[in-house]
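# Observations on chain architecture
Single-letter residue listing:
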Amino acid sequence: EGAVALAEGLMGNESLTSLRFIPDESGITDVGWAAFSRLLCDPSSINSTYHSNHNIERIGEYEMPRTPLNIRRYLELNGHPHPAMNKILKSHP
């Protein structure tokens, strides 16, 4: 799936802050959204969460109404100070 390849390609990204597309027309499946979720916050370990992407603040349309809620929450954390710390605290209670 293209979304999985794109999400994997964005690992380590330190400059891209916005990825715009129309979700309903892009054909992204649940597997693709899961890959974007892992990109933004990999909960497999504290270290993986720390090394997740903390720069992207928008995926999908401008207001992101069709971007899944869990992804919107991670994107919102990316727009605040200390996103890595906040994601670690939320993902590893």
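Note: the structure precedes this text.
Residues numbered from 1 in each chain as written. Predicted model: local features only at pLDDT ≥ 70, side-chain atom pairs only at ≥ 80, totals over all residues. Heavy atoms only, no water.

## What to know about the packing of helix H1 (residues 2-9) against helix H3 (residues 30-40)
The condition that has to hold: Fitted lines through C-alpha atoms give the axes, limited to the stretch in contact for helices. The angle between two N-to-C directions lies from 0 to 180 degrees. Elements are defined by DSSP. Helices are runs of H or I of four residues or more, strands are runs of E of two residues or more, and each kind is numbered from the N terminus. Reported orientations rely on four angle classes, namely roughly parallel under 35 degrees, roughly antiparallel over 145, roughly perpendicular from 65 to 115, and oblique for the rest. Contact criterion: two residues are considered in contact whenever any of their non-hydrogen atoms come within 4.5 Å of each other. Gly counts as polar in this scheme, as do all residues outside two lists: the nonpolar Ala, Val, Leu, Ile, Met, Phe, Trp, Tyr, Cys and Pro, and the charged Asp, Glu, Lys and Arg.
At a minimum axis distance of 8 Å, the contact between H1 and H3 shows a crossing angle of 10°. Our classification of the angle between H1 and H3 gives roughly parallel. For the pair H1 and H3, the contacting residues are Ala3, Val4, Leu6 and Ala7 in the first and Val31, Gly32, Ala35, Phe36 and Leu39 in the second. Along the lines of polarity and charge, the residues of the contact of H1 with H3 split into 8 nonpolar, 1 polar and no charged.

## Observations concerning the packing of aromatic side chains
Rules: Between rings of Phe, Tyr and Trp, where Trp is taken as its six-membered ring, a pair exists when centres lie within 6.5 Å; planes separated by under 30 degrees are stacked, by over 60 edge-to-face, and by other angles tilted.
The full count for this structure, using the stated rule, is 3 aromatic pairs. The structure contains a cluster of three or more aromatic residues connected by ring pairs, namely Phe21, Trp33 and Phe36.

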